[in-house]
Amino acid sequence: MVVLRAHRLFIVFLLFFSTLMGQEESTVQDSIVTYGVVVMDMRHMSDVANEVELQSLINSFIDAASEELEAMDSLGVARVIPTDEMVSAIFQVTEDGLGCQDNYCVRQVAELISMDKIILIDLSEIKAEATLGEFQNFSGKLTLSLGELGLGKDIDTGQDISIMMTERTFSKKLKGDLEELMVRIRSRIWVLMEKTPPEERFPPEPFTFEVSQLILYIENSPALINVALGVLLASALSAYLLNRPPVIGDPPPYPEIM
């Protein structure tokens, strides 16, 4: 009788332990974020390279961004969709596989492959020079975006539809060869994800002054905004005091008549 009761207690303990382990595994799975990398439009470069070369370049861009996403995932809470799966999905949506031209295309790709977050590499404002099919130089504005699918309403039917929602965007001008472009895509993935890369992971970037980056820095620095407003107010007050007309007093008294 005692042995039977102990056996039942042991079974209850095993069931409790297995249930607890299942809950922990479920919690870990629920916390994993799936990322997909989509390239925005390479068609404008077709005058310097053929579709095969452009497709190879797209694969390289997706590989580069995916590797950096995996490198910054120290807690193991991210899953990056493999490049071949992303390229296959882009081909199914665009037919030529040369990247999406609009958010509707990106939404279709995201729906085709279930993903939580979407990394967009926008090359629509990048110009390329190539010689004998080999890329020599790139110049223009590279834009990276982090987004996800959300729910919205169709204006005509009122039905629920999925829409693209942008969480963060990072843009910057660049100029250099293919190696430089690859390095900057990698380094700016860290900036987009608001992560700090390990020291010496990337070579130093040439300094370029951009008003948009200065505005972004000021917007993210409340103390700096207060200082700037103080300086502006002091300058306005000083200009007013220097340029105001002179004060005219009362006229002198009439002389006394003797």
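Given the structure is predicted, the values throughout are model-derived calculations rather than measurements.

(A) Focus on the overall build of the protein. When its secondary structure is counted, the protein shows seven helices and five strands. Listing the helices and strands of the protein from first to last along the sequence gives α-β-α-β-α-α-β-β-β-α-α-α. Counting over 258 residues, the protein shows a buried share of 33%. Taking as baseline every contact in the protein between residues at least 6 positions apart, the subset at least 24 positions apart corresponds to 65%. Accessible surface for the protein amounts to roughly 17500 Å². Of this, 59% is attributable to carbon and sulfur atoms.

(B) Representation of the sheet that holds strand 4 (residues 134–153) within the structure. Strand order across the open sheet formed by five strands is 2-1-3-4-5, with mixed pairing between neighbours. Because the sheet does not close on itself, it has two edges, and the strands there are strand 2 (78–80) and strand 5 (160–176). Going across the sheet, the axis of each strand differs from the next one's by a mean of 25 degrees, ignoring polarity. As defined by bridge partners, strand 1 (residues 33–40) adjoins strand 3 (residues 117–131) across six bridges and the pair is classed as parallel. Residue Val38 lies in a different strand from strand 3, and its bridge partner there is Leu120. The sheet strands contacting helix 4 (residues 103–112) are strand 1, strand 3, strand 4 and strand 5, and the helix crosses strand 5 at an angle near 115 degrees.

(C) Broad picture of the packing of aromatic side chains. Considering all chains together, one arrives at one aromatic pair under this definition. When the centroid spacing of 5.4 Å and the interplanar angle of 25 degrees are considered together, the rings of Phe135 and Phe138 count as stacked. In this structure Phe138 comes out as buried when scored by relative accessible area, which is 1%.

(D) Representation of helix 4 within the structure. Taken as a whole, helix 4 has its buried residues at Cys105, Val106, Arg107, Val109 and Ala110. Buried residues in helix 4 make contact with strand 1, helix 3 (83–94), strand 3, strand 4 and strand 5. One side-chain oxygen at the N-terminal end of helix 4 lies 3.3 Å from the backbone nitrogen of Tyr104; it belongs to Asp102.

(E) Quick look at the pattern of salt bridges. A complete count under the given rule lists twelve salt bridges for this structure. Between Arg186 and Glu67 there is a salt bridge, and its shortest N-O distance comes to 2.7 Å. Taken as a pair, Arg186 in helix 5 (residues 178–192) and Glu67 in helix 2 (residues 51–71) lie far apart in primary sequence, 119 residues in all. Assessed through its relative accessible area of 22%, Arg186 is described here as partly exposed. Taken together, the salt bridges that share partners define one network made up of Lys117, Glu148, Glu167, Arg168 and Glu194.

(F) Region of the structure containing the nonpolar core. The biggest cluster of nonpolar side chains holds 55 residues, and the ones touching the most others in it are Val38, Met42, Phe61, Leu69, Ile119, Ile121 and Phe138. For this core, the secondary-structure elements that each account for two or more residues are strand 1, helix 2, helix 3, helix 4, strand 3, strand 4, strand 5 and helix 5. With eight residues, helix 2 is the single largest residue contributor to this core. For Val38, the contacting residues outside a window of four places in its chain are Met86, Ile90, Cys100, Val106, Val109, Ile118, Ile119, Leu120 and Ile121.

(G) Spotlight on the pairing of strand 3. As defined by bridge partners, strand 3 adjoins strand 4 across twelve bridges and the pair is classed as antiparallel. Paired with Ala128 across the strands is Phe138, a residue of strand 4.

(H) Expanded view of the pairing of strand 4. As judged from the 16 bridges shared by strand 4 and strand 5, these two strands associate in the antiparallel manner. By the bridge assignment for strand 5, Phe138 is matched with Gly176. Taken together, strand 4 and the strand that follows it, strand 5, pair antiparallel across an intervening segment of six residues, in which Gly158 is found at a positive phi of about 80 degrees.

(I) Seen up close, the packing of helix 2 against helix 5. Interhelical geometry of helix 2 versus helix 5 gives an angle of 35 degrees and a closest axis separation of 9 Å. At the point where helix 2 passes helix 5, the crossing takes the right-handed sense. Residues Leu57, Ser60, Phe61, Ala64, Ala65, Glu67, Glu68, Leu69 and Ala71 of helix 2 form the contact with helix 5, whose participating residues are Leu178, Leu181, Met182, Ile185, Arg186, Ile189 and Trp190.

(J) Layout of the packing of helix 3 against helix 4. Following both chains from N to C, one finds helix 3 and helix 4 inclined at 130 degrees, their axes separated by 9 Å at the closest point. Considering their axes alone, helix 3 and helix 4 lie oblique with respect to each other. The crossing of helix 3 and helix 4 is right-handed. Residues Met86, Ala89, Ile90, Gln92, Val93 and Thr94 of helix 3 touch helix 4, and the partners they reach there are Cys105, Gln108, Val109 and Leu112. Tallied by class, the residues present in the contact of helix 3 with helix 4 amount to seven nonpolar, three polar and no charged.

Procedures and definitions
Residues numbered from 1 in each chain as written. Predicted model: local features only at pLDDT ≥ 70, side-chain atom pairs only at ≥ 80, totals over all residues. Heavy atoms only, no water. Helix = DSSP H or I, 4+ residues; strand = E, 2+ residues; numbered from the N terminus. Buried < 20%, exposed > 50% of the residue type's maximum accessible area, 1.4 Å probe, protein only. Contact = heavy atoms within 4.5 Å. Areas by Shrake-Rupley, 256 points an atom, 1.4 Å probe, with all protein chains shown as cover. Pairing = 2+ DSSP bridges. Axes fitted to C-alpha atoms, helices over the stretch in contact; angles between N-to-C directions. Phe/Tyr/Trp six-rings, centres within 6.5 Å; stacked < 30°, edge-to-face > 60°. Polar contact = N/O pair within 3.5 Å; in protein donor to acceptor, adjacent residues only side chain to side chain. Salt bridge = Lys/Arg side-chain N within 4 Å of Asp/Glu carboxyl O. Core = buried A, V, L, I, M, F, W, Y, C linked by side-chain atoms within 4.5 Å. Left-handed = near helix turned anticlockwise from the far one by under 90°. Parallel < 35°, antiparallel > 145°, perpendicular 65-115°, else oblique. Nonpolar A, V, L, I, M, F, W, Y, C, P; charged D, E, K, R; others polar.

Everything listed here is a matter of geometry and, on its own, says nothing about what the molecule does.
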